[in-house]
Amino acid sequence: MSQQESLYEQLGGEAAVNAAVDIFYRKVLSDDRINEFFKDVDMEKQAAKQKAFLTMAFGGPHNYTGLDMRLGHAHLVERGLNDSHVDAVIEDLGATLRELGVRDSLIAQVAAIAESTRDDVLGR
Amino acid sequence: MTTIRYAKNDFELELNQSVLECLTDHGVPVPFSCQSGACQTCIMRATAGIPPETSQQGLKDSLKLQNYFLACVCYPTTDLEVALPNDNVQTAFPASVLSLKLLNADIMQVVLECHAPIDYRAGQFINLFQHQTLGRSYSLASVPHEDDHLHLHVRRLPQGQVSGWIHEELRPGQTVEIRGPGGDCFYIPGNSDQGLILIGTGSGLAPLYGIIRDALSQGHSGPIHLFHGSRDLNGLYLTGELRDLVEQYSNFNYVPCISGDDVPHGFASGRADDVAFQQIPNLKNWRLFLCGHPDMVKTAKMKAFMAGASMKDIYADAFNVSQSS
């Protein structure tokens, strides 16, 4: 096909992000491997950041650079953020999409985009 | 040519330029991150003019109604005067004290008559000033169109400068300075069969009392549950008025909660938030209003979200006690 739909379009665009954000955030908050990092944050602001993250991972429009990722997570790296925590987030993301009935081939693409930010997030 | 006014400076918006780009190009320190209208870091408020709808996508309804917008995706075609959320743009105006009445041992109802009409929503707060540099935020318990004047419930704090002054020195007939209104914890008409849960501790009842009466007067038809909590019976107030409302409206339910040991018949035992979440464990599709003690608000917000409430349906106002009380 010459005019293939983008990943973001296949997932359902902004409506899909809106459907996923509460589910994903609940998973993160109940995940004991990572919820310590989310204890003392403003939930409203955090939900907006989760939405921005999902938009990016869904292949949607965003202007995040590797530097933004580094700066945004530097304080967490100082608190011990490591590969196991990134693994947990990607797992929660996959579980969210499965719950929403997204097919595995698309979930793999989303996971790959999230994976591509790993080194920047961890400041390497 | 569209003009963006910030802190009394006028900036011309260039073609295809966002408000964020325009302001940051001129050295205004607007924080930003995603630049695509998602992360809400660059949220601003139009203090004059109406921001385009597309710049308000994803914002909570109560913020939209107050003309908040995301600067990075804001491309206005008419002039805007804008402010950052923490800029102090509230104007001061005088009000006369009409009456002072104790609602219980610690909480004073202050009724104020503004010298000029004030446009507010039930549940918002105003700042009341003892003198020019010493003011505190108090929630409004009154409802526009229902009540002629502004009603505040001021709890006397142990070392509270302003609350002490209100309780001991303020007299009817005096003129005070107020600023406001502010806050985004209020009832928004629409979705009138949605269930509402309101949880408050202490004088956190003030905004809730306004919100409930506002919702009822606007014809809200879904169930409305109020859980008001205190350590003991003496901390509860307006119980008679609230029971009258229960008589009057079949969809309104009032649950006074006592967290201490001595719980008389007709009162629920436990903290207001615990009682609420026990009685209504699944909060999917409910709208919540949480007001009062900051720890209660924080815990209840988390619990409500985990119990299925959507973040956009949780309205909260934490009564933070000023460090220099």
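Looking at the overall build of chain A
Consideration 1: Helix and strand content of chain A: 7 helices and 0 strands.
Consideration 2: From first element to last, N terminus to C terminus, chain A shows the α and β order α-α-α-α-α-α-α.
Consideration 3: Taking 2.2 N^0.38 as the reference for a compact globule, 124 residues should give roughly 14 Å; the C-alpha atoms of chain A span a radius of gyration of 14 Å, in line with that estimate.
Consideration 4: Considered along the principal axes of its C-alpha atoms, chain A spans approximately 45 × 30 × 25 Å.
Consideration 5: For chain A, the residues scored as buried account for 29% of the 124 residues in total.
Consideration 6: If you take every contact in chain A between residues at least 6 apart in sequence, the share linking residues at least 24 apart comes to 78%.

Regarding the sheet that holds strand β9 (residues 134-139) of chain B
Residue and element names in this part refer to chain B.
Consideration 1: Strand order in the open sheet formed by 6 strands is β9-β8-β11-β6-β7-β10, with antiparallel pairing between adjacent strands. Two strands bound the open sheet, and with one partner strand each, they are β9 and β10 (150-155). Recorded for the sheet is a direction-independent mean angle of 40 degrees between the axes of neighbouring strands.
Consideration 2: Packing of helix α3 (residues 161-168) onto the sheet brings it into contact with β7 (107-114), β8 (125-131), β9 and β10, and relative to β9 it is tilted by some 75 degrees.

Some points on the nonpolar core
Residues and elements named next belong to chain B.
Consideration 1: L198, L208, I211, I212, L288 and F289 are the most contacted members of the largest nonpolar core, which totals 92 residues.
Consideration 2: Excluding its chain neighbours within four sequence positions, the residues that come into contact with L208 are L198, G200, L226, F289 and C291.
Consideration 3: Core analysis: the next-biggest nonpolar cluster, separate from the first, contains 21 residues, Y6, L59, F69 and A71 among them.

Some thoughts on the interface of chain B and chain A
Think of interface size as the accessible area that goes away when the parts come together; that is how it is often given.
Consideration 1: Residue-level contacts link 14 residues of chain B with 18 residues of chain A.
Consideration 2: Tallied by class, residues from the side of chain B that touches chain A come to 7 nonpolar, 6 polar and 1 charged.

Observations concerning the sheet that holds strand β16 (residues 287-292) of chain B
Residue and element names in this part refer to chain B.
Consideration 1: Taken together, the 6 strands give an open sheet; going across it, the order is β15-β14-β13-β12-β16-β17, and neighbouring strands pair in parallel fashion. The sheet is open, and its two edges are formed by β15 (268-269) and β17 (314-318), each paired on a single side.
Consideration 2: Bridge analysis of β16 against β17 gives 5 bridges, and the strand direction is parallel. Bridge assignment links L288 to a residue of β17, and that residue is I314.
Consideration 3: Taken strand by strand, helix α6 (residues 272-279) contacts β12 (196-201), β13 (224-230), β14 (252-258) and β15, and its axis lies near 160 degrees from that of β12.

Considering the pairing of strand β1 (residues 3-6) of chain B
All names here are of chain B.
Consideration 1: Burial along β1 is one-sided: the face carrying I4 and Y6 is buried and the face carrying T3 and R5 is not.
Consideration 2: In sequence, β1 turns back onto strand β2 (residues 9-12) through a hairpin of 2 residues, with A7 there showing a positive phi of about 45 degrees.
Consideration 3: Two strands pair when backbone bridges link them, and β1 and strand β5 (residues 80-83) are joined in this way by 3 bridges, in the parallel orientation. Paired with Y6 across the strands is V82, a residue of β5.

Scoring rules and cut-offs
Residues numbered from 1 in each chain as written. Chains lettered and ligands numbered in written order. Predicted model: local features only at pLDDT ≥ 70, side-chain atom pairs only at ≥ 80, totals over all residues. Helix = DSSP H or I, 4+ residues; strand = E, 2+ residues; numbered from the N terminus. Rg over C-alpha atoms; globule rule 2.2 N^0.38 Å. Buried ≥ 20, exposed ≤ 12 C-beta atoms within 10 Å, placed from the backbone. Contact = placed C-beta atoms within 7 Å. Pairing = 2+ DSSP bridges. Axes fitted to C-alpha atoms, helices over the stretch in contact; angles between N-to-C directions. Core = buried A, V, L, I, M, F, W, Y, C linked by C-beta atoms within 7 Å. Nonpolar A, V, L, I, M, F, W, Y, C, P; charged D, E, K, R; others polar.

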